Amino acid sequence: MKEIIRITIGLTLSCFLAAMIMGAVFVVTDKTKKQNEYNKTQATMLGLLGYGKENPATEELKFYPVYRYIVEEDGETYLGYMVPVKASDYEAYEFLILDLEGRLVQRFTLDISLEKAIDDSDRQKILKETLKPETAFAYQDQTIVACLRDKRVAYLLPGEFTGFKTFIEVMLALDPRFDIIGLEIVEHEEDPGLGAEIEQDYFKNQFKDKSFERLKNLTVVKEPLPDVFRRYLEDPDTLSAKELEDIRNQYLDKDIYSLTGATISSRAVTNGVKNMVKRFAYRIKILDEVIAGHQIPAVI
Amino acid sequence: MRSMIQRYAFRSIWLMPVFLLFLMGCNVEHPFVKKVAFKDSLSISIEFAGEPDADWATDPDNYRIYEKRDPDVLLVISEVILGPDKRSVLIKFDEEINQAEPHVIALTPIHSQGKDLGTALLNVKRLYIGELFAILIGAMLINNYVFTKYLGLCVFFGTSKKRDTAVGMGITFTIVMVASAMMSWFLYQFVLKPFELDFLQVVVFIGMVSLSVQAVDTVLRKVNPALFKAFGVYLVLVIANCIILAVPLTLADNEYSAMESLMLALGAGTGFLLALFLMSSAGERLELADIPPTYRGLPIAFVTAGLFALAFMGFSGLVIF
Amino acid sequence: MAATKKSNKELVINGIFLENPIFRLALSMCPAVGLTTSIKNGLLLGSAVLFVQICSSCTIAAIKNIIHPRIRIPTYTLTIATWVTVIDLVLAAYVPAAYEEMGIFVKLIVAFAIITMRLETFACKNTISASFWDGLGMGIGFMFGMVSIGFVRELLGAGTILGYDILGFKPLLFFVLPAAGFFCVGIMMALFNYIEGVYNRLKERKQ
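Please read these numbers as outputs of a predicted model, since none were measured by experiment.

## What about the overall build of chain C?
- Counting its secondary structure elements, chain C contains nine helices and two strands.
- Ordering the α and β elements of chain C from the N terminus gives α-α-α-α-α-α-α-α-β-β-α.
- In terms of overall dimensions, chain C is globule-like: its C-alpha atoms have a radius of gyration of 18 Å, near the 17 Å expected for 207 residues.
- In terms of overall dimensions, chain C has C-alpha extents of about 55 × 55 × 25 Å along its principal axes.
- Counting across all 207 residues of chain C, residues that qualify as buried make up 54%.
- In chain C, of all internal contacts separated by at least 6 residues, the share reaching a separation of at least 24 is 75%.

## What about the overall build of chain A?
- On a plain count of helices and strands, chain A comes out with seven helices and 10 strands.
- Within chain A, contacts between residues at least 6 apart in sequence are counted, and of these 57% link residues at least 24 apart.

## Some thoughts on the interface of chain C and chain A
- Each side of the interface is counted separately: chain C has 20 residues, and chain A has 18 residues.
- For the side of chain C that touches chain A, the elements supplying multiple residues, two or more each, are helix 4 (72-94) and helix 5 (96-102) of chain C.
- The dominant element in the side of chain C that touches chain A, judged by the number of residues it contributes, is helix 4 of chain C, at 11 residues.
- The residue makeup of the side of chain C that touches chain A, split by class, is 13 nonpolar, five polar and two charged.

## Section: unusual backbone geometry
Residue and element names in this part refer to chain A.
- Located in the positive-phi region is Arg149, a residue other than glycine, with phi close to 50 degrees.
- Non-glycine residue Phe178 carries a positive phi angle of around 70 degrees.
- Take Phe178: it is sitting in the loop between strand 7 (167-174) and strand 8 (180-188).
- The class of Phe178 is partly exposed, set by 17 C-beta atoms lying within 10 Å.

## Focus on the sheet that holds strand 6 (residues 103-107) of chain B
All names here are of chain B.
- Sheet architecture is open: three strands sit in the order 3-6-9, paired in antiparallel fashion. If you trace the sheet from one side to the other, it starts and ends with strand 3 (63-67) and strand 9 (120-124), each paired once. In this sheet, adjacent strand axes meet at a mean angle of 20 degrees when their direction is disregarded.

## Structural notes on the interface of chain C and chain B
- With 36 residues of chain C in contact, the opposing surface of chain B contributes 31 residues.
- Elements with a minimum of two residues in the side of chain C that touches chain B: helix 2 (30-34), helix 4, helix 6 (105-108), helix 7 (113-121) and helix 9 (178-206) of chain C.
- Element by element, the count of residues in the side of chain C that touches chain B is highest for helix 9 of chain C, at 14 residues.
- Of the residues in the side of chain C that touches chain B, the class split is 25 nonpolar, 10 polar and one charged.

## Some remarks on the domain arrangement of chain A
- According to the domain assignment, chain A contains domain 1 (61-143) and domain 2 (153-283).
- Here the C-alpha centre of domain 2 of chain A lies 31 Å away from the C-alpha centre of domain 1 of chain A.

## Side note on helix 9 of chain C
- A rise of 1.5 Å per residue sets the reference length of helix 9 of chain C, with its 29 residues, at 42 Å; its end C-alpha atoms lie 43 Å apart and thus fit the reference within 8%.
- Each element contacted by the buried residues of helix 9 of chain C is listed here: helix 11 (298-312) of chain B together with helix 2 and helix 8 (128-158) of chain C.

## Examining the sheet that holds strand 8 of chain A
Residue and element names in this part refer to chain A.
- Taken together, the eight strands give an open sheet; going across it, the order is 4-3-2-1-5-6-7-8, and neighbouring strands pair in antiparallel fashion. At either end of the open sheet lies a strand with only one pairing partner, and these are strand 4 (104-110) and strand 8. When the angles between neighbouring strand axes are averaged without regard to direction, this sheet yields 25 degrees.
- In terms of strand pairing, strand 2 (residues 76-87) meets strand 3 (residues 90-98) through nine bridges, oriented antiparallel.

## Remarks on the packing of helix 1 (residues 2-48) of chain A against helix 4 of chain C
- Where helix 1 of chain A contacts helix 4 of chain C, the axes come no closer than 7 Å and their chain directions differ by 10 degrees. The orientation of helix 1 of chain A relative to helix 4 of chain C falls into the category roughly parallel. Contacts between helix 1 of chain A and helix 4 of chain C involve Leu11, Ser14, Cys15, Ala18, Ile21, Met22, Val25, Phe26, Thr29, Thr32, Lys33 and Asn36 of chain A on the former and, on the latter, Pro74, Thr75, Leu78, Thr82, Thr85, Val86, Leu89, Val90, Ala92, Ala93 and Tyr94 of chain C.
- The residue makeup of the contact of helix 1 of chain A with helix 4 of chain C, split by class, is 15 nonpolar, seven polar and one charged.

## With respect to the nonpolar core
- Leu245, Val247 and Leu264 of chain B together with Val110 of chain C are the most contacted members of the largest nonpolar core, which has 134 residues in total.
- Top contributing element to this core by residue count: helix 4 of chain C, with 12 residues.
- When neighbours within four sequence positions are excluded, Val247 of chain B is seen to be in contact with Met177, Ala181, Leu264, Ala265 and Ala268 of chain B.

## Digging into the packing of helix 3 (residues 39-63) of chain C against helix 7 of chain C
Residues and elements named next belong to chain C.
- The interhelical angle for the contact between helix 3 and helix 7, taken along N-to-C directions, is 25 degrees, at an axis separation of 10 Å. The angle between helix 3 and helix 7 places the two elements in the roughly parallel class. As for the relative orientation of helix 3 and helix 7, their crossing is right-handed in sense. For the pair helix 3 and helix 7, contact is made by Val52, Gln53, Ser56, Ser57 and Ile60 and by Ile115, Arg118 and Leu119, respectively.
- Its residues assigned to classes, the contact of helix 3 with helix 7 comprises four nonpolar, three polar and one charged.

## Remarks on the pairing of strand 2 of chain A
Residues and elements named next belong to chain A.
- Inspection of the sheet shows strand 1 (residues 61-73) paired to strand 2 by seven bridges, in the antiparallel sense. Of the residues in strand 2, the one forming a bridge with Glu73 is Glu76.
- Linking strand 1 back to strand 2 in an antiparallel pair, the connection comprises two residues, with Asp74 at a positive phi of about 55 degrees.
- The loop that links strand 2 with its antiparallel partner strand 3 comprises two residues; one of these, Ser88, has a positive phi angle of about 50 degrees.

## What to know about the confidence of the model for chain C
Residues and elements named next belong to chain C.
- Mean pLDDT for chain C: 79, with 95% of residues reaching 70 or above.
- Per-element confidence in chain C is highest for helix 3, whose mean pLDDT is 85, and lowest for strand 2 (residues 164-165), whose mean pLDDT is 70.
- Model confidence for the complex: the whole-complex pTM is 0.77, and ipTM, which rates the interface, is 0.78.

## A closer look at the environment of Ile104 of chain C
- Within the element layout of this structure, Ile104 of chain C appears in the loop between helix 5 and helix 6.
- With 53 residues separating them in the primary sequence, Ile104 of chain C and Phe51 of chain C have C-alpha atoms 17 Å apart.

## Considering the environment of Glu184 of chain A
Residues and elements named next belong to chain A.
- Topologically, Glu184 is positioned in strand 8.
- Classification of Glu184 by C-beta neighbours within 10 Å gives partly exposed; the count is 19.
- With 163 residues separating them along the chain, Glu184 and Ile21 place their C-alpha atoms 38 Å apart.
- If we skip the residues at most four places from it in the chain, Glu184 touches Thr44, Gly47, Leu48, Val170, Met171 and Lys204.

What counts and what doesn't
- Residues numbered from 1 in each chain as written.
- Chains lettered and ligands numbered in written order.
- Predicted model: local features only at pLDDT ≥ 70, side-chain atom pairs only at ≥ 80, totals over all residues.
- Helix = DSSP H or I, 4+ residues; strand = E, 2+ residues; numbered from the N terminus.
- Rg over C-alpha atoms; globule rule 2.2 N^0.38 Å.
- Buried ≥ 20, exposed ≤ 12 C-beta atoms within 10 Å, placed from the backbone.
- Contact = placed C-beta atoms within 7 Å.
- Nonpolar A, V, L, I, M, F, W, Y, C, P; charged D, E, K, R; others polar.
- Pairing = 2+ DSSP bridges.
- Axes fitted to C-alpha atoms, helices over the stretch in contact; angles between N-to-C directions.
- Domains from an automatic or database assignment.
- Expected span 1.5 Å × (residues − 1).
- Parallel < 35°, antiparallel > 145°, perpendicular 65-115°, else oblique.
- Core = buried A, V, L, I, M, F, W, Y, C linked by C-beta atoms within 7 Å.
- Left-handed = near helix turned anticlockwise from the far one by under 90°.
- pLDDT = per-residue confidence, 0-100.

See the structure below:
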């Protein structure tokens, strides 16, 4: 009997010790992890807009995230947008609750800075404090509005959709007219050599410059990628300005050329991007009408 | 031994229809609507209990359809056709609907024979049993843990020499797999997630595995000593199997529900059993073949496994439901 | 098995050649098949395993006198699991891109038979320093195995080495696919057997 007690105590103590060690390492590394993720997202966003080491972004380029929530109150469903606004001389957030027809139902001021709002748990805390206790809310997605000198230059949409294997996470850049500036594949679990080729330039750059109208019925064609188009997508520096212009115009209205042996992945990305843009365009129009109609001091 | 398993298997087959009916569930929440389902990628069909007014039924404005997660984006209906029996309608769309997502149909007050039967909110989604089945087949064939995900290889090559050992190992493994997966799911949902102790996943899951092995060991010893004599030795080997840890990690990552976790564990276990069975059948024939000395033993086993893996690649891309 | 009489250098060489975990002991083959699509992956996982192996060996060697014999296995498992979680968190924080590629395999190190086996057969009977060198040998042997398979698969499958384009084209895309992992490991094992056979014959001839 004494032995069993000794064994149990020994095991329990060791478990605690192990948990302490792991907990300590977790606390130390968690901050670095979050910082890394943030840096990676920033780099992706700047890359999509054409900035980089040779062309660094200036102070005048600002990113304003808009967060979308689904709100449920008294059995009714509403949409909630956290919009950055100007309040005296600092930037804060306002939470706008819209009904499904796009009419403003309620608005709240949220005392949270732009930096703090990036963290999901901080947002949740302040929403819980501000909204009525019976109101249920769930985070859906976010859009980052890029403004240069107070004018909108681009929308950056992080999104996730089902791919061939599991999920594909992307970052899409749209210009103010919803034409595609660029597409970046952030994360995926597709097969190497087959579906994983979606992250290669010759696939994702096909989405560049596609207009909003063209995107609405964009499909995937199972044809081989023409060599000249491939050069344009992968090594544009090897072509003259005139050649670039010609090739661009020639392929601007074509559908997406599918990847060899990865039709499902290609279709998943195309349909995913299509859905993202269509829904976003629909929603931002409604949001803009509300902001204009109620004179909300939004920074975007 | 095999006949005992066969007897149990046959007996449990009768439970399947009951089980299925239970899981079918109902997608409908209004007495007048009998059934609603996806017809194909461009249409949804609704079956009513009686005859709705023809002009009400064929007016697209009476139907508001949206994906459950995007209630503000209404899908555009191209037309609504009344069926020949006057009790069913087919709602057609211009664009393909994503059948993987649950959809909601909000009906304005139903008009039937002059009476107003009130509004209805209908849920349309693929049969849950279909999704569960897809996970099962996925884990068993399409993403076979041995041939497609190359896990559990050490134990695999160790016990795939003879068919009987292989089958024994496979069955033992499936039992422990299901037990530990369910316990891990339980712990993950109710202890790890709420207290944000995600980093303890590895320790907790491997602990669950050890516990399951211990539990199955004790239970088997008491309940069926004969079975224990046959399987007991494999129980210890189960712990050194990568698959036994990979399944709880997967179901935690993908946030599966209890039924889905059960399906995943079952699929992984039976997939492993299938792989072992195939390998051992080939292994028995290999013993009689003339293999060069440097290849004897493990090297040729690996090459054989490689051939099987190539064959299993044929399953990739298979989409059920 | 009694405490070893080998010198530290011999322990390390033992781990790399005579008792190479992948090719001779045939343990922990899962990553050898699954993660050797590029040398970089092999190196990274190899270093992770090296870390866990050394730390676990040293820990167990340090507390071997306090462990109650009946809870040996759970103690080993707990130690390995702790160190695996530590390296998992560290890798996720400091090399996120590489960590993504390795996916689930870092967490699975816990189930690698090689580490438990080594603790059982070596660390619980030897001093800390001997365990350290043995662990080092095993870890390097594992890394060596992973890198050699990775070298073949990456060169033949993608034409690159560590990401640098060597061949300029992709000879046989097949090698990057999972099935080829099996083939490569099998063939390399046969190669090792052959080399060992030649080495033994030479030794006999010398005597």
